[in-house]
Amino acid sequence: MHIPDNYLSPQTAALMTAIMVPVWGVSIHKVRKQMTQESVSKIGIGGAYSFIGMMFNIPIPGGTTGHAVGGTLIAATLGPHAACLAVTVALLLQALIFGDGGILAFGANCFNMAFVMPFVGYYISKLVRKLLKFKAGDIVSVAIGSYFGINAASLMAAIEFGVQPYLFKDAAGQAMYCPYGLNVSIPAMMIAHLTVAGLAEVIYTVLVYSFLKKASNQKFYLEKDFSRSAKEIGDDSVKEKKDFSWILLLVLMILTPLGLLAEGTAWGEWGADEIAATGAGFTPKGMTEGINFEAMIPDYSMAGLPDIAAYILSAIIGVALTVVIFKLISLTHKKRVEE
C-alpha cells in the first residue's frame, strides 16, 4: 500500500498533502491536550509496532505481496489521533531512509494509512465494543475494526491509483502516471486486502493487542471513559505495573527476516523499470521523467551485509528512531505543561 513516487501526478500528491495538513494539526493539538508526558512517549512504541508490522511481507495470490500496518492497533490503545502521528512518523522514516513509499506520495500514503485506517478502524471498533458485553469484547471489536480499517485504506489507495489514467495523459493519449484505471486498481487492491492482507492485519492486531493488554495491565483508550481529564488518565498510569511492551517488539525485530520469504512486489509498488513488464506494455512518461529519490538504505538492504542481517539492522534503526523521536517530543510536552 506504499505508493511510490511518480505513480500519482504532482497535482494529486499536492492535494493529498494539503488534506493531511489540518489532520496533522488537529492530531497534534489533541495529543498535547489529552495525553500526559508518559503517554506521548508511548506513541513511539506504537509507531515502532507499525514500522515492524509493515516489514512482515506476506505472499498474495498472483505473485504480489502485502503486509499489516497496525493503524487500528495503535488507535485502540492510545487513540486515533495518536495513531495518526505514530504511523506518520513510521511512514516518514520508511520513505526517507529505506525508500519504502515515495517522498511526493508521502501525503497520500499518510492519508490512507495514518488517517483513514486508524480512524475508520477505531470508530468501528468502538461501535462494535458497545454491542459486545462479554469480557473479550474489546479484542473482538479491534479485530473487526482492524479488518475494516485496512480495507478502507486499501480502497482509498486504489481510487488514487485508478483515477490517474483518466485525468493525466500525454500527447499520444497514454497515461502519464499509473496506467491502470479503476476497473483494474480496485479489484487488484481489494481482492488482496479483503482476503490475505486483511487477515494478516487482524492477526497482527489481535496478537499484539492481547499481549500488550496482559503485559502492561493498562486500560486502553478504547475502554476508557473519555470524559476524564488528561491528569486523571495520567494518575491511572501510575498504578500500572511495569510495562513489558518492548519484549514483543524485540522478538518481532528478530523475526523480521521472515518478511523476506515473500517473493514479488506489492501491487502498485513496482519501479519504473518493472511497470512495462506488469502488463501495462509501456512505461508512463511521468515515471521516467519524475522524481528519483535515493534512499540511504534502499529496500532495507545494505552493501556487504547478508539480506537477513540487513533486514534486522533496518528494523532496529527504524524502531530506535521512532521511539527516540517521540521521546524527544514528550520532553517538549513536559516543558509546555510545566510552563
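We now turn to the structure provided with this report.

Rules behind the numbers
Residues numbered from 1 in each chain as written. Predicted model: local features only at pLDDT ≥ 70, side-chain atom pairs only at ≥ 80, totals over all residues. Heavy atoms only, no water. Helix = DSSP H or I, 4+ residues; strand = E, 2+ residues; numbered from the N terminus. Rg over C-alpha atoms; globule rule 2.2 N^0.38 Å. Buried < 20%, exposed > 50% of the residue type's maximum accessible area, 1.4 Å probe, protein only. Axes fitted to C-alpha atoms, helices over the stretch in contact; angles between N-to-C directions. Parallel < 35°, antiparallel > 145°, perpendicular 65-115°, else oblique. Left-handed = near helix turned anticlockwise from the far one by under 90°. Contact = heavy atoms within 4.5 Å. Nonpolar A, V, L, I, M, F, W, Y, C, P; charged D, E, K, R; others polar. Salt bridge = Lys/Arg side-chain N within 4 Å of Asp/Glu carboxyl O. Phe/Tyr/Trp six-rings, centres within 6.5 Å; stacked < 30°, edge-to-face > 60°. Disulfide = S-S within 2.5 Å. 1 Å grid on protein atoms, 1.4 Å probe; cavity = no way out; pocket = protein on both sides within 12 Å on 5 of 7 lines; lining within 4 Å. Points joined across faces, edges and corners; volume = space filled by probe spheres on them.

Moving on: the overall build of the protein chain. Assigned secondary structure in the protein chain consists of 14 helices and 2 strands. On C-alpha atoms alone, the protein chain measures out to a radius of gyration of 20 Å, which is about the 20 Å that the 2.2 N^0.38 rule sets for 339 residues. Each principal axis of the C-alpha distribution contributes one length, and for the protein chain these read about 65 × 45 × 40 Å. Counting only residues that meet the buried cut, the protein chain has 53% of its 339 residues in that class.

What follows deals with unusual backbone geometry. Even without being glycine, Asn6 reaches a positive phi, approximately 75°. In this structure, Asn6 sits in the segment before α1 (10–34). For Asn6, a relative accessible area of 12% corresponds to the buried category.

For any two helices packed against each other, one specifies the inter-axial angle together with the distance between the axes. Between helix α2 (residues 37–53) and helix α4 (residues 80–98), whose axes approach to 8 Å, the crossing angle comes to 50°. One element, α2, and the other, α4, form an angle in the oblique class. Between α2 and α4 lies a crossing whose hand is right-handed. Here α2 contributes Ile43, Gly46, Gly47, Ser50 and Phe51 to the contact with α4, which in turn contributes Ala82, Ala86, Val87, Ala90, Leu93, Gln94 and Phe98. Residue classes in the contact of α2 with α4 are distributed as 8 nonpolar, 4 polar and no charged.

Pairing between side chains becomes possible if they bear opposite charge and their charged atoms approach one another. Enumeration according to the criterion identifies 3 salt bridges in this entry. For Lys42, the salt bridge goes to Glu38, with nearest N and O atoms at 3.9 Å. Taken together, the residues Lys42 and Glu38, both in helix α2 and 4 residues apart, mark about one turn of the helix. Taking relative accessible area as the criterion, Lys42 reaches 14% and is therefore assigned buried.

Once that is clear, we can look at the packing of α1 against α4. Where α1 meets α4, the axes come as close as 8 Å, and the angle between the chain directions of the two elements is 120°. One element, α1, and the other, α4, form an angle in the oblique class. Here the hand of the crossing between α1 and α4 comes out left-handed. In this structure, α1 contributes Met20, Val23, Trp24, Val26, Ser27, Ile28, Lys30 and Val31 to the contact, and α4 contributes His81, Ala82, Cys84, Leu85 and Thr88. Each residue belonging to the contact of α1 with α4 can be placed in one class, and the counts come to 9 nonpolar, 3 polar and 1 charged.

Now for helix α3 (residues 71–78). Counted residue by residue, α3 has 8 buried out of 8 residues, so it is predominantly covered. What α3 keeps buried is the set Gly71, Thr72, Leu73, Ile74, Ala75, Ala76, Thr77 and Leu78. Residue Gly79 follows α3 closely and has a positive phi angle near 110°.

Tallied over the entire structure, the rule returns 16 aromatic pairs. Their ring planes at 55° and their centres at 5.6 Å tell us that Phe111 and Phe115 sit as a pair that is tilted. Remark: Phe115 and Phe111 occur in helix α5 (residues 106–131); sequence separation between them is 4 residues, near one turn of the helix. Members of the aromatic cluster, each reached through a chain of ring pairs, are Tyr7, Phe161, Tyr180, Trp267 and Trp270.

With that out of the way, let us pick up the state of the cysteines. Scanning the entire structure with this criterion turns up 0 disulfides. With no disulfide of its own, Cys110 has Cys84 as its nearest cysteine by sulfur position, at a separation of 7.3 Å. You can call Cys110 buried: its relative accessible area is 0%.

Another point: the layout of surface pockets. Of the pockets and cavities examined, the largest pocket occupies roughly 1,100 Å³. Elements that contribute at least two residues to the lining of the largest pocket include exactly α4, α12 (272–275), α13 (285–288) and α14 (307–338). For the lining of the largest pocket, the class distribution of residues is 20 nonpolar, 16 polar and 8 charged.

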